[in-house]
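A structural walkthrough
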Amino acid sequence: MPAALVPVADHVAQVLTLADGRTPAVETVALDDAPGRVLAADLLARVAVPPFDNSAMDGFAVRRADLLTATAQAPRALDVVADLPAGSAAQPHVGPGQAARIMTGAPVPPGADAVVPVELTVTGTFAGGGDTVRVEVVAAPAEGAHVRRAADDVAPGDVVIVAGMRLTARHASAAASVGYATLDVVRRPRVHVLSTGAELRAPGEPLEHGQIPDSNSTLLAGLARAAGADVHRVGAVADDPAALRAVLETAAADADLIVTSGGVSAGAHDVVKELLSAPGPDGAPAVTFTKVAMQPGKPQGYGRVHGTPIVTLPGNPVSVFVSFEVVVRPLLRALLGQEPHAPARHVVAATGWRSPAGRTQHVPVVVDDDGVRPATSGGSGSHLVASLALAEALAVVPADVDEVRPGDVLTLLEIDR
Ligand SMILES: Nc1nc2c(c(=O)[nH]1)N[C@H]1C(S)=C(S)[C@@H](COP(=O)(O)OP(=O)(O)OC[C@H]3O[C@@H](n4cnc5c(N)ncnc54)[C@H](O)[C@@H]3O)O[C@H]1N2
Ligand code: MOO
């Protein structure tokens, strides 16, 4: 009787042990280079946002108490004692019956407690050169009107970005706004990606009967790079144990993680399994090959080669994609000092489909207003690599469900992150 399939969560937990005891190395990058990187430590504001009380409008900084009775019929006149453009370092005192002309972003001067927009004034021309002119205000401002308070957004010492965050342009701009020109980020894990199979040719090469393009190494390299890794794509290695051994030795010397595809099932030429099942110096196999209760992606392996973590994925291209999302991405996240699993979202099925009993199904889906539906009529077929480009997410069907019905709630794995 065949051995029971390993539940997906148990397998992922085993693979994650490859990251145990590894502390991510840290490096400093300029803000422009920060998007795509992972923040190494909580970022505390060095300066407040805004750093000072400032005007939200072009107009006049005033004392509200002067203007309580101001209306269009009975405007209130004030003496204009200063002109404050954004960037002004001047701090003129605004006394009773006075105003300062002020532009958006300029510091609100001492004594003033509200800003009247220029549209609510009738004679707001300013003579310049320090001359005192008068402005008429036609409405009473609300308390603190159009004043953006210092530290409205964050105060010095506030946590602005938490460690482990995958940085975007928004994070880089937040860091700039609180006083940083550089950020400490996690060094990218070095990942070597290779494919195995005698049938594989490099993309674009002419194909003889029986041959196919190596699409898996392109897929894995792109996914790992987008997840934050520094990737070396080895490409395709023939089904030859000596050649594979040599490639793996080179990879182990350079990489933090090796990811392979193909050669892990029950075939006569499954070279990855054949080579790496052999016991290491202490007698224990360095790589464990197993069958996981998932579809696609059942045959899997994980372990170490010369001490370097390795994950061996099955060869079918959709299996590779699903395996990356389910198995490799959590490991990469762990190597980057992130929580292995991003928070799950839920969706409803817009249509029904079959799912293999006893295996968690991961179906490439498109996401519409009424829910998700398989991206191709072939569902989760593991060879449908060209149509995989249509997918917008993976829908997860639990192992104990063999039929999805319209309206069923499913977990959604986001892709292209
Ligand atoms: N007797 C059994 N046969 C198979 C089993 C099984 O349990 N018993 N499992 C099936 C499942 S499920 C999968 S998945 C595949 C996995 O096989 P391998 O990991 O050994 O992969 P290969 O045989 O090398 O290739 C499978 C398939 O994928 C194509 N392929 C491989 N590499 C690439 C690449 N780099 N780019 C594009 N396409 C690739 C390859 O040509 C094959 O068609 O085994 C089943 N068989
Ligand atoms: O589990 Mo295999 O990956 O069906 O296709």
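Every chain begins its residue count from 1, and numbering advances along the sequence as written. The lettering of chains begins at A and the numbering of ligands begins at 1, in the order of writing. Thresholds applied to this predicted model are a pLDDT of at least 70 for local features of residues and 80 or more for the giving and counting of side-chain atom pairs; totals over whole chains, interfaces and linings are not thresholded and use all residues.

Inclusion rule: UniProt positions are given in the numbering used here, feature names are shortened, and annotations may be inferred rather than shown by experiment.
Naming follows an unreviewed UniProt entry, where the protein chain appears as Molybdopterin molybdenumtransferase of Sanguibacter hominis ATCC BAA-789. UniProt's Cofactor (unreviewed entry) comment on the protein chain is quoted here verbatim: "Mg(2+)".

1. Considering the overall build of the protein chain
Operational definition: A run of H or I in DSSP becomes a helix once it reaches four residues, and a run of E becomes a strand once it reaches two; helices and strands are each numbered from the N terminus. As a reference, a globule follows 2.2 Å times the number of residues to the power 0.38, and the radius of gyration itself is taken over C-alpha atoms. Counting other C-beta atoms within 10 Å of each residue's C-beta, where C-beta atoms are placed from the backbone, gives the exposure class: buried for 20 or more, exposed for 12 or fewer, partly exposed between.
Across its full length, the protein chain carries 6 helices and 27 strands. For 417 residues, the compact-globule estimate of 2.2 N^0.38 gives 22 Å, and the protein chain exceeds it by more than 25% at 31 Å. Taking the principal axes of its C-alpha atoms as reference, the protein chain extends roughly 95 × 50 × 40 Å. The 417 residues of the protein chain split such that 42% are buried.

2. Some thoughts on unusual backbone geometry
The amide bond that connects valine 49 to the next residue, proline 50, takes the cis arrangement and shows omega of -10 degrees. Tracing the sequence through the fold places proline 50 in the loop between strand 2 (43–44) and strand 3 (54–55). A cis geometry characterises the amide bond from glutamine 295 onward to proline 296, with omega recorded as -5 degrees. Among the secondary structure elements, proline 296 is positioned in the loop between strand 18 (294–295) and strand 19 (299–305). Of note in this structure, alanine 151 is not a glycine but carries a positive phi near 65 degrees. In this fold, alanine 151 is placed in the loop between strand 9 (147–148) and strand 10 (159–161). When the 16 C-beta atoms within 10 Å are taken as the criterion, alanine 151 is described as partly exposed.

3. Some details on the nonpolar core
Taken as a class, soluble globular proteins show a tendency for nonpolar side chains to be buried jointly. Condition: Throughout this description, the term nonpolar core refers to a group of buried Ala, Val, Leu, Ile, Met, Phe, Trp, Tyr and Cys residues whose C-beta atoms join them within 7 Å. A residue pair is marked as a contact if its C-beta atoms, positioned from the backbone, fall within 7 Å.
Within the largest apolar cluster, 84 residues are counted, with the highest numbers of intra-cluster contacts made by Leu220, Ala224, Val259, Val311, Leu331 and Ala395. Ranked by the residues each element gives to this core, the list is headed by helix 6 (residues 317–335), at 12 residues. What valine 311 contacts, discounting residues up to four positions off in sequence, is Val15, Val259, Tyr302, Val327, Val328 and Leu331. Judged by nonpolar contacts, the second largest core, of 25 residues, contains Val81, Leu84, Val116 and Val135.

4. Re the site of ligand 2
The condition is simple: Placing the C-beta atom from the backbone, one calls a residue near a molecule or strand if that atom lies within 6 Å of it. For this scheme, ten residues count as nonpolar: Ala, Val, Leu, Ile, Met, Phe, Trp, Tyr, Cys and Pro. Four count as charged, namely Asp, Glu, Lys and Arg, and the remainder, Gly too, count as polar.
Ligand 2 sits among Gln295, Pro296, Gly297, Lys298, Pro314, Asn316, Ser319 and Ser382. Here the shell around ligand 2 is composed, by residue class, of 2 nonpolar, 5 polar and 1 charged.

5. Focus: the sheet that holds strand 6 (residues 98–102)
Spelled out, the test is: Any two strands are treated as partners once DSSP identifies two or more bridges connecting them. Every axis corresponds to a line fitted to the C-alpha atoms, with the helix fit spanning only the stretch in contact, and the corresponding angles, defined between N-to-C directions, vary from 0 to 180 degrees.
Read from one edge of the open sheet, 5 strands run 7-4-6-5-8, paired in mixed fashion. Of all the strands in the sheet, the pair left with one neighbour each is strand 7 (114–117) and strand 8 (133–137). Geometrically, the sheet is characterised by an average inter-axis angle of 40 degrees between neighbouring strands, direction not taken into account.

6. Regarding helix 3 (residues 216–226)
Within helix 3, burial applies to Asn216, Ser217, Leu219, Leu220, Ala221, Leu223 and Ala224. Check the buried side of helix 3 and you find it contacts strand 12 (190–196), strand 15 (230–237), strand 16 (257–261) and helix 6. Downstream of helix 3 by a residue or two, glycine 228 has a phi angle that is positive, lying close to 115 degrees.

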